[in-house]
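Residue-level structure breakdown
Listed here are the chains, written in short residue letters.
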Amino acid sequence: MRRHTARAAMPLSVLALLAVGGCGGEQAAGGGSRPEGTSQARARAVAEAWHGSRAARAWTKGYHPLDDVVQLPDGAFHTDADKRAYATENFVLDTALPAAPARTGRVKWSHGGSLTLPLTGAREAYDSVARGGNDGPHLTVTDARLGETTLLTSRGPATVPAWLFTIEGYDTPLKRVALGPSRPPAPPIRPAAKAPSDELWPLARLVDVSRDGRSLTVLAQRGACDEGPAVGVLETDDSVVLSASITGHKGGVCTSEMLGVPKTVTLKRPLGDRILLDAFTGRPLTSPSGG
């Protein structure tokens, strides 16, 4: 399955540090074990707070995508102009958008079970990917119809309704999932602090989960004068908690912007239906572009 990397903002404002007893071992992405510190203690607190909680029970009953809800045509993109058009969300609509045949659609999980949710209309789905409007290169949509696609969710692979947009010059359509995610439950633990520190930093977003569920790629933050981010992993039976930190500092004049860096971590066993959590915010990580 092909995905694109969506643009997303840096997480939320945050409040007070909590620490509770633990449940598992932690390792840093790309490195070995590291001594217990703020990030590890916080990860343990988050895992303990979610374990057996009302929020965890609610989460396991909902639909929460882990894949991008926009899937590109096979071979996308043929030219640099098409790449620029997609990056700038510059589309031209050369067809009539159909009405949805029903008010609801159904998520069907591969292991069994389903959930009925409101169906997104073709216009809303199209507008979510076609927000450009400049005079530069564009992609032309010549047909739109309701179909299905598969994607990874917090409860495993699922088949979901999707709007299929035919793009001129491509043999397969661009697919936009036609269901919004379930409303996430309120987390059972507050964010870690009013502001991040080098030892604990919020993750910007989830980028990708490998097909076998063993590798997770997230967008971590770094500054202009540090050596980059590290991402620690705490695995338990029912959750995976990722804790980001910033390593090292360089001398000289530094600019104030934060930069996003993709970091991949490898799990000891597949993610499966375990809840993927950010240690700093205490919240689940899901699809970068929502639903």
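So, a few notes on the structure that sits alongside this text. (Residues numbered from 1 in each chain as written. Predicted model: local features only at pLDDT ≥ 70, side-chain atom pairs only at ≥ 80, totals over all residues. Heavy atoms only, no water.)

This part takes up the overall build of the protein. Along the backbone of the protein there are 4 helices and 14 strands. Across the 291 residues that make up the protein, the buried fraction comes to 47%. Residue pairs in contact within the protein that sit at least 24 positions apart in sequence constitute 76% of those at least 6 positions apart. Working note: accessible area of the protein is about 13,600 Å², and carbon and sulfur atoms make up 51% of it. (Helix = DSSP H or I, 4+ residues; strand = E, 2+ residues; numbered from the N terminus. Buried < 20%, exposed > 50% of the residue type's maximum accessible area, 1.4 Å probe, protein only. Contact = heavy atoms within 4.5 Å. Areas by Shrake-Rupley, 256 points an atom, 1.4 Å probe, with all protein chains shown as cover.)

All right, on to helix α3 (residues 80-87) then. Taken together, the buried positions of α3 are Asp82, Ala85 and Tyr86. Angular distribution of buried residues about the axis of α3 spans 95°; they occupy a single face of the element. Next to the buried residues of α3 lie β2 (70-71), β3 (91-93), β6 (139-153) and β8 (174-177). Trailing α3 by a residue or two, Glu89 shows a phi angle of about 55°, which is positive. (Arc of directions from axis to C-beta.)

This model, assessed by the stated rule, comprises 5 aromatic pairs. Judged by centre distance (6.5 Å) and plane angle (75°), the ring pair of Tyr86 and Phe91 falls under edge-to-face. Grouping residues by exposure puts Tyr86 and Phe91 together as buried. Each member of the aromatic cluster is reached from another via a ring pair, and the members are Phe77, Tyr86, Phe91, Tyr126, Phe165 and Tyr170. Cation over ring: Arg155 sits above Trp109, and NZ or CZ is 3.7 Å from the ring centre. (Phe/Tyr/Trp six-rings, centres within 6.5 Å; stacked < 30°, edge-to-face > 60°. Lys NZ or Arg CZ within 6 Å of the ring centre and 35° of its normal.)

Oppositely charged side chains are able to pair whenever their charged atoms sit close together. Within this structure, the stated rule accounts for 7 salt bridges. Linking Lys83 and Asp80 is a salt bridge whose minimum nitrogen-to-oxygen distance equals 4.0 Å. Taken as a pair, Lys83 and Asp80 lie in helix α3 at a separation of 3 residues, close to a single helical turn. Residue Lys83 is classed as partly exposed on the basis of its relative accessible area, which comes to 44%. Judged by relative accessible area, which is 53%, Asp80 ranks as exposed. Ionic pairing is found between Arg269 and Asp237, a salt bridge with its closest N-O pair at 3.8 Å. Residue Arg269 is located in the loop between β13 (259-266) and β14 (275-278), and its partner Asp237 is located in the loop between β11 (229-235) and β12 (239-246); the two are separated by 32 residues in the primary sequence. In this structure Arg269 comes out as partly exposed when scored by relative accessible area, which is 36%. (Salt bridge = Lys/Arg side-chain N within 4 Å of Asp/Glu carboxyl O.)

Before going further, it helps to examine the pairing of strand β5 (residues 114-118). Bridge count for strand β4 (residues 104-109) against β5 is 5 bridges, and the pairing is antiparallel. For Val107, the partnering residue across the bridge sits in β5 and is Leu115. Hairpin connection, β4 to β5: the antiparallel pair is bridged by 4 residues, and Gly112 has positive phi, about 110°. (Pairing = 2+ DSSP bridges.)

With that out of the way, let us pick up the side chain of Asp68. One can find Asp68 in the loop between α2 (54-59) and β2. The charged side chain of Asp68 is buried without a salt bridge, its nearest counter-charge being Arg176 at 6.9 Å. In this structure the side chain of Asp68 is engaged in a polar contact, spanning 3.1 Å, whose partner is the backbone nitrogen of Val70. (Lys, Arg positive; Asp, Glu negative; His and termini not counted. Polar contact = N/O pair within 3.5 Å; in protein donor to acceptor, adjacent residues only side chain to side chain.)

Right, let's talk about unusual backbone geometry for a bit. With an omega of 5°, the peptide bond running from Ala76 to Phe77 counts as cis. Examined against the element boundaries, Phe77 turns out to sit in the loop between β2 and α3. Even without being glycine, Glu89 reaches a positive phi, approximately 55°. Assignment of secondary structure puts Glu89 in the loop between α3 and β3. For Glu89, a relative accessible area of 12% translates into the label buried.

Looking at the element boundaries, Ala244 is found in strand β12. C-alpha of Ala244 to C-alpha of Ala230: the two residues are 14 residues apart in sequence and 5.7 Å apart in space. With sequence-adjacent residues up to four places away left out, Ala244 is seen in contact with Glu199, Leu200, Trp201, Leu203, Ala230 and Val231.

As a further point, take helix α1 (residues 38-50). Taking 1.5 Å of rise per residue, the 13 residues of α1 would be expected to cover 18 Å, and the 18 Å separating its terminal C-alpha atoms lies within 8% of that figure. Listed in full, the buried residues belonging to α1 are Ser39, Gln40, Arg42, Ala43, Arg44, Ala45, Val46, Ala47 and Trp50. Remark: Gly52 follows α1 within two positions and exhibits a positive phi of approximately 70°. (Expected span 1.5 Å × (residues − 1).)

Judged by nonpolar contacts, the single largest core of 32 residues is most densely connected at Tyr63 and Phe91. With 5 residues, strand β7 (residues 156-167) is the largest single contributor of residues to this core. Within the second largest apolar cluster, 20 residues are counted, among which are Leu216, Val218, Val240 and Leu276. (Core = buried A, V, L, I, M, F, W, Y, C linked by side-chain atoms within 4.5 Å.)

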